[in-house]
Amino acid sequence: MQKKNNDKAIKEEDSEKTDSPFLHLALELLGDLPERAREIAQKRFGFFSGKEETLEKIGKDYGITRERVRQIIVDMNKKILKKKNNLNFKKFESQVIFTINEKFGIIGKSELIKTMAGDDKKEAKAMVFLCICSDKIFKIDSEEIKEALYTKKDAVENSILVGNAAKEILGKDEHLLDDKEITEKISKKMERHFSREEILSHLAIIKGISKNSFGRWGISSWTEVSPKGTREKIYTILKEKKKPLHFLEIARIMDEVGLSKKEAHPQTIHNELIKNGKFILIGRGIYALREWGYDDGTVRDVLEEIFKEKGKPLSKEKVLQEVLKIRKVKKATIMINLGNSKYFFKENGLYFLKKSKKASK
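The structure displayed is predicted, hence computed values, not measured ones.

**Structural notes on the overall build of the protein chain**
Phase 1: Looking only at helices and strands, one finds 18 helices and 10 strands in the protein chain.
Phase 2: In terms of overall size, the protein chain is more extended than a compact globule, its C-alpha atoms giving a radius of gyration of 32 Å where 361 residues would be expected to give roughly 21 Å.
Phase 3: Dimensions along the principal axes, computed over C-alpha positions, put the protein chain at roughly 110 × 60 × 40 Å.
Phase 4: For the protein chain, buried positions account for 40% of its 361 residues.
Phase 5: Long-range contacts, defined here as pairs at least 24 residues apart, represent 55% of the contacts in the protein chain between residues at least 6 apart.
Phase 6: Here the protein chain has roughly 21,200 Å² of accessible surface; of this, 49% comes from carbon and sulfur atoms.

Next comes the structure, spelled out in structure tokens:
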């Protein structure tokens, strides 16, 4: 019976190693530390809860100052550094360094976690702890760079160079750029050659610039990059698609690209389109941006404006063509309005605006 229990314990331990290799290694390195130091490390790095606790919170739990907690963490790191020849740790360290170097010597913390630990929160926390314990892997979180890990100092410098070039370009152009456009523009500004992949890798960790939901780069504060409310999200979609859209299609796209955390409600979107002056109804449920040159008014109003602008009689085909440029309506609807004898009349196959004929007399 005792042997069976031992076998079961061994199997459970082996299973834990397989399922959570980073967590198992972290606990292995902490194994010979005093119990309080182990507990503090686990709380500080969130091995089990998945949530990192503050120095102040931990200090209150143990009746010590936050500075004392910080010192315990520092001493723990020093002790673990002495174990840098641990075969499992060296294997882990090599794996992380390889992953970082694949990203040209620097990688965002979140990307490294996603690459190596996936969605496992415990593994992610343990992995970050192990990286901090290495004297070959360095952490950065500065004014220019998002929280990242690097192995080469010049990689940090390269990221800043690429980031500064991108900000200058975007600030001057004042419009979104796709991967091809921004990498070509940055390449022309750099003194040394950077590959397309290297530029994009550096851009991913720069503060102040981001990709929007459609994969285009811009300044993070731009509405089209970081839309907040429903109105801004609708605006972003219409700007991206560069054409009028039905409110149901706008809702579908919003869900498709993940612009909204919750499922988009078509009626909410429709209400926003109706009440906001940035948008204009140009057909049944179809909206455009006013900045594209669309104006308010009925189909008849549109017809009147077209005749006034052209200043001459128009053929049926020309009238339809001009109206459909600015209104998404059926041709039959246009012809019904054109047949209103109070405002328009037909002569020798051409249509006239009645007011224009009166004015010419």
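**Details of the pattern of salt bridges**
Phase 1: Evaluated as defined, the whole model comprises 26 salt bridges.
Phase 2: With a closest N to O distance of 3.8 Å, Lys57 and Glu53 form a salt bridge.
Phase 3: Using a relative accessible area of 40% as the deciding quantity, one classes Lys57 as partly exposed.
Phase 4: Arg252 serves as the salt-bridge partner of Glu249, at 2.7 Å between the closest nitrogen and oxygen. Highlighted residues: Glu249 and Arg252, both in helix α13 (residues 247-256), separated by three residues, approximately one helical turn.
Phase 5: Taking the relative accessible area as the measure of exposure, Glu249 reaches 29% and is therefore partly exposed.
Phase 6: Here the salt bridges share partners, and the residues they tie into one network are Lys43, Glu53, Lys57 and Asp61.

**Points about unusual backbone geometry**
Phase 1: Backbone geometry at Phe104 places phi at a positive 65°, although glycine is not the residue there.
Phase 2: Within the secondary structure layout, Phe104 lies in the loop between α6 (87-102) and β1 (106-108).
Phase 3: With relative accessibility at 29%, the residue Phe104 sits in the partly exposed group.
Phase 4: Positive phi, close to 55°, is recorded for Asn348, a residue that is not glycine.
Phase 5: Tracing the backbone through its elements, the reader meets Asn348 in the loop between β9 (344-347) and β10 (350-353).

**Here we look at the pairing of strand β7 (residues 279-283)**
As a general feature of sheets, a regular strand has side chains that alternate between the two faces.
Phase 1: A large share of β7 lies buried, amounting to four of its five residues.
Phase 2: In terms of strand pairing, β7 meets strand β8 (residues 286-289) through four bridges, oriented antiparallel. What sits directly across from Leu281, in β8, is Tyr287.
Phase 3: Hairpin connection from β7 to β8: two residues lie between these consecutive antiparallel strands, with Gly285 at a positive phi of about 75°.

**Description of the packing of helix α12 (residues 230-241) against helix α14 (residues 266-275)**
Phase 1: Running from N to C, α12 and α14 cross one another at 85°; their axes reach a closest spacing of 10 Å. Judged by the inter-axis angle, α12 sits roughly perpendicular to α14. Packed against α12, whose contacting residues are Thr230, Arg231 and Ile234, the element α14 presents Thr268, Ile269, Glu272 and Leu273 at the interface.
Phase 2: Taken together, the residues of the contact of α12 with α14 break down into three nonpolar, two polar and two charged.

Quick notes on the rules
- Residues numbered from 1 in each chain as written.
- Predicted model: local features only at pLDDT ≥ 70, side-chain atom pairs only at ≥ 80, totals over all residues.
- Heavy atoms only, no water.
- Helix = DSSP H or I, 4+ residues; strand = E, 2+ residues; numbered from the N terminus.
- Rg over C-alpha atoms; globule rule 2.2 N^0.38 Å.
- Buried < 20%, exposed > 50% of the residue type's maximum accessible area, 1.4 Å probe, protein only.
- Contact = heavy atoms within 4.5 Å.
- Areas by Shrake-Rupley, 256 points an atom, 1.4 Å probe, with all protein chains shown as cover.
- Salt bridge = Lys/Arg side-chain N within 4 Å of Asp/Glu carboxyl O.
- Pairing = 2+ DSSP bridges.
- Axes fitted to C-alpha atoms, helices over the stretch in contact; angles between N-to-C directions.
- Parallel < 35°, antiparallel > 145°, perpendicular 65-115°, else oblique.
- Nonpolar A, V, L, I, M, F, W, Y, C, P; charged D, E, K, R; others polar.

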